[in-house]
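# A look at the structure
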Amino acid sequence: MPSSHDLFAAYAEFIPDFTAFCAALQTAPTCCLRVNTLRTTPAVVQAMLRQQGYHVTPSPLTDELLLVDNLTHPGTLQAALLGYYYPQAFTSALAALALAPQAGEMICDLCAAPGSKTSHMAQLMRDQGLIVANDRHGKRLSMLEHNVKRLGISNIVTTRYPGQNFPLRHKFHRVLVDTPCSGEGNYRWDAQGRLQHYRRASGDLPRLQRQLLLRGFDLLTERGTLLYATCTYNPSENEAVVQTLLEQRSATLEPIQLDVPHDSGLQRWKDQTYDRRMAFCWRLYPHHANSVGFFLARIRA
Ligand SMILES: C[S@@+](CC[C@H](N)C(=O)[O-])C[C@H]1O[C@@H](n2cnc3c(N)ncnc32)[C@H](O)[C@@H]1O
């Protein structure tokens, strides 16, 4: 089996402290639970977990994200089944926080299933306004619908378009484009040295990602906000995709106003150079955030 070092050798030139990065891939990320504030409070969930013997620490970012030691199957506890929390990687939860949807707004989530970020947005919007949760795959949309019901959310409708052809009839205040990607950020080993997640077959992912991002942008109202997210380190799926948008539309990259350790987007990769504003993008690495790898870009129309 290839080592982490071999698998990511091509990225050693831009991942800071590459040895620590490879070491982090050999450890499990701390379990993170997002408290569903539509049903309960962080204090109630903390008390329930502590009663069961778990060590719980609120994340320094927000007490709605709880970090729990040694909780390996968070979806099976009663509190999860009651919809009191949603297990979600810490870095994944940053996407909705960075997009910051407001109560009463019109939101489009172009690649929404199984609904981690959609349900987080609904919670941030206090279940007011409307989220159109789109996903191309019906089975995955059913998972989203199940999650939405369990979490007690009522401001979501689902659609099943290929996101790149999502109808342009309506405009949205905010759009989330959490694209299908090679999933490198989830690539980790468990305690027995077994590989838990593989790099997914990529096909022509950057092409699809560019199409999805362009369509997401075209769905924005004037001055609307878009968040582009992937869980991969690959610059061809991240900066290169955002670069196409900057070249083809009058889009602006914005800083992400959250206090979380991260690296900036790349200015160059191999023979490619990227727009200087790429510095506003976030690269999240497992050895910085003790979570899974993510890329975030906040974009304004
Ligand atoms: C990274 S996952 C989304 C995860 C989701 N945002 C969440 O937080 O739970 C990417 C999703 O894109 C969907 N997908 C793949 N191709 C698509 C397309 N052309 N249009 C819309 N959705 C697509 C997949 O079914 C998958 O559910």
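Thresholds, definitions, all that
- Residues numbered from 1 in each chain as written.
- Predicted model: local features only at pLDDT ≥ 70, side-chain atom pairs only at ≥ 80, totals over all residues.
- Heavy atoms only, no water.
- Near = heavy atom within 4 Å.
- Polar contact = N/O pair within 3.5 Å; in protein donor to acceptor, adjacent residues only side chain to side chain.
- Areas by Shrake-Rupley, 256 points an atom, 1.4 Å probe, with all protein chains shown as cover.
- Helix = DSSP H or I, 4+ residues; strand = E, 2+ residues; numbered from the N terminus.
- Buried < 20%, exposed > 50% of the residue type's maximum accessible area, 1.4 Å probe, protein only.
- Pairing = 2+ DSSP bridges.
- Axes fitted to C-alpha atoms, helices over the stretch in contact; angles between N-to-C directions.
- Phe/Tyr/Trp six-rings, centres within 6.5 Å; stacked < 30°, edge-to-face > 60°.
- Expected span 1.5 Å × (residues − 1).
- Contact = heavy atoms within 4.5 Å.
- Salt bridge = Lys/Arg side-chain N within 4 Å of Asp/Glu carboxyl O.

With that settled, consider the site of the ligand. Close to the ligand lie 22 residues; Asp135, His137, Arg140, Gly163 and Asp178 are nearest. Note that an oxygen atom of the ligand is positioned 2.9 Å from one of the backbone N or O atoms of Ser116. The separation between a nitrogen atom of the ligand and a polar side-chain atom of Gln164 is 2.9 Å. Computed on the free molecule, the ligand has an accessible area of 600 Å², of which 91% lies beneath the protein chains in the complex. Elements that contribute at least two residues to the shell around the ligand include exactly α6 (116–124) and α8 (205–218).

Burial runs high along α6: eight of the nine residues are buried. Turning to α6, its buried residues number three or more, namely Ser116, Lys117, Thr118, Ser119, His120, Met121, Ala122 and Gln123. Looking one or two residues past α6, Arg126 carries a phi angle of roughly 55 degrees, positive in sign.

The four strands are arranged β2-β3-β1-β4 in an open sheet whose pairing can be described as antiparallel. Looking at which strands have only one partner, the edges of the open sheet turn out to be β2 (56–58) and β4 (85–87). Ignoring strand direction, the axes of neighbouring strands in this sheet form an average angle of 30 degrees. For β2 and strand β3 (residues 65–68), the ladder comprises three bridges, and the chain directions are antiparallel. Counterpart to Pro58 in the pairing with β3 is Leu66.

This part is about the pairing of strand β9 (residues 220–230). Here β9 lies mainly inside the structure; eight of its 11 residues are buried. In this structure, β9 lies alongside strand β15 (residues 294–300), joined through six bridges in antiparallel fashion. Bridged to Leu227 within β15 is Arg298.

Applying the stated rule across the entire model yields 14 aromatic pairs. On the basis of an interplanar angle of 80 degrees and a centroid distance of 5.5 Å, the ring pair of Phe8 and Phe21 is categorised as edge-to-face. A residue pair is termed long-range when its members are at least 10 positions apart, and Phe8 in the loop between α1 (4–7) and α2 (18–24) and Phe21 in helix α2 qualify at 13 residues. Since its relative accessible area comes to 0%, Phe8 is described here as buried.

Judged from the four bridges that link them, strand β6 (residues 130–134) and strand β7 (residues 156–159) form a sheet pairing that is parallel. Bridge pairing in β7 links Asn134 to Thr159.

In this section: the environment of Thr27. Topologically, Thr27 is positioned in the loop between α2 and β1 (31–35). A C-alpha to C-alpha distance of 30 Å links Thr27 and Leu82, two positions 55 residues apart in sequence. A polar contact is formed between the side chain of Thr27 and the backbone oxygen of Ala24, at a distance of 2.9 Å.

Here α8 spans 20 Å end to end across 14 residues, near enough to the 20 Å set by a 1.5 Å rise per residue. Buried residues of α8: Leu205, Pro206, Gln209, Leu212, Leu213, Leu214, Arg215, Gly216 and Phe217, and no others. Residues of α8 that are buried make contact with β8 (172–178), β9, α9 (239–248) and β15.

All right, on to the pattern of salt bridges then. In the structure shown here, the tally under the stated rule is seven salt bridges. A salt bridge links Arg283 to Glu239; the nearest nitrogen and oxygen atoms lie 2.8 Å apart. One end of the pair, Arg283, is in strand β14 (residues 282–284); the other, Glu239, is in helix α9, with 44 residues separating them in the sequence. When its relative accessible area of 2% is taken as the criterion, Arg283 is described as buried. Residue Asp275 is joined to Arg277 by a salt bridge in which the shortest nitrogen-to-oxygen separation is 2.9 Å.

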